[in-house]
Amino acid sequence: MFAVIGLGNPGAAYEHNRHNVGFRVVDHLAERWGVSVRNARWNALTGKGIRDGVEVVLMKPQLFMNRSGLPVSMMLHDLNLSLEDVLVILDDAALPLGSLRLRKQGSSGGHNGLNDIIEVLDSDRIPRLRMGIGSSPTYLDLAEWVLSDFRKSEREIVETMLGRGADSVEEVINRGLDAAMAVVNTRTKEEDSEP
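Residues numbered from 1 in each chain as written. Predicted model: local features only at pLDDT ≥ 70, side-chain atom pairs only at ≥ 80, totals over all residues. Heavy atoms only, no water.

Caption draft 1: How the structure looks around helix α3 (residues 112-121). What α3 keeps buried is the set Gly113, Leu114, Asp116, Ile117 and Ile118. Taken together, the buried residues of α3 touch α2 (69-79), β5 (86-92) and β7 (128-132). Trailing α3 by a residue or two, Asp122 shows a phi angle of about 55 degrees, which is positive. (Buried < 20%, exposed > 50% of the residue type's maximum accessible area, 1.4 Å probe, protein only. Helix = DSSP H or I, 4+ residues; strand = E, 2+ residues; numbered from the N terminus. Contact = heavy atoms within 4.5 Å.)

Caption draft 2: Main features of the nonpolar core. Val4, Leu29, Leu58, Leu102, Leu129, Met131 and Val169 are the most contacted members of the largest nonpolar core, which has 34 residues in total. Looking at this core element by element, the count peaks at 7 residues for helix α5 (residues 155-175). In contact with Leu129, not counting residues within four places along its chain, are Leu87, Val88, Ile89, Leu90, Leu100, Arg101, Leu102, Gly165, Ser168, Val169 and Val184. (Core = buried A, V, L, I, M, F, W, Y, C linked by side-chain atoms within 4.5 Å.)

Caption draft 3: View of the side chain of Asp92. Topologically, Asp92 is positioned in strand β5. For Asp92, the side chain forms a polar contact with the main-chain nitrogen of Ala94, separated by 2.7 Å. Those residues in contact with Asp92 that lie beyond four places of it in its chain are Arg130, Met131, Gly132, Ile133 and Gly134. (Polar contact = N/O pair within 3.5 Å; in protein donor to acceptor, adjacent residues only side chain to side chain.)

Caption draft 4: Spotlight on the pairing of β7. Counting buried positions over the 5 residues of β7 gives 5, a clear majority of the element. Here β7 shows a buried face lined by Arg128, Arg130 and Gly132 and a second buried face lined by Leu129 and Met131. Pairing between β5 and β7: 5 bridges, direction parallel. The partner of Leu90 across the bridge, within β7, is Arg130. Bridging between strand β6 (residues 100-103) and β7 involves 4 bridges; their strand directions are antiparallel. (Pairing = 2+ DSSP bridges.)

Encoded structure:
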């Protein structure tokens, strides 16, 4: 069994915020796989599907971003999953819009949702897919930026990024994290270096 955890804030007001790209990748996967992510369990919305012969749990924690750790901890405990069986998807304002970074472990990078998961699980060895939302302009603080919606001019890039995020999750499930990192991170470096 494998768990894909998209981070975001619950409620229609936050749906299209930069902070909610994790939720949106889970929605992309659910649509691709024909899975309903509506089961209320572990203070989260969840759904189960089969991908490449692997049972996959899709999860969207519903306690707001800075309390993401409890739902993740409850799910891991109940399903007897290890950290190697998890992939967390989150936004990253330090990455250019549209960029992806797949990592095995590391600090939260100041992301409140990932930080809470690290604190609750007492480990930074949490595989994660970081989705670039672009850096905040000088006139906005980071909190305002991540809670803002994408601009109309950015939406095509965002849709492409969400699709690539879903592709990256499928790479992890199909090929394993190390092989997926080689594909996802190399592709992103090549794209970042294009003129």
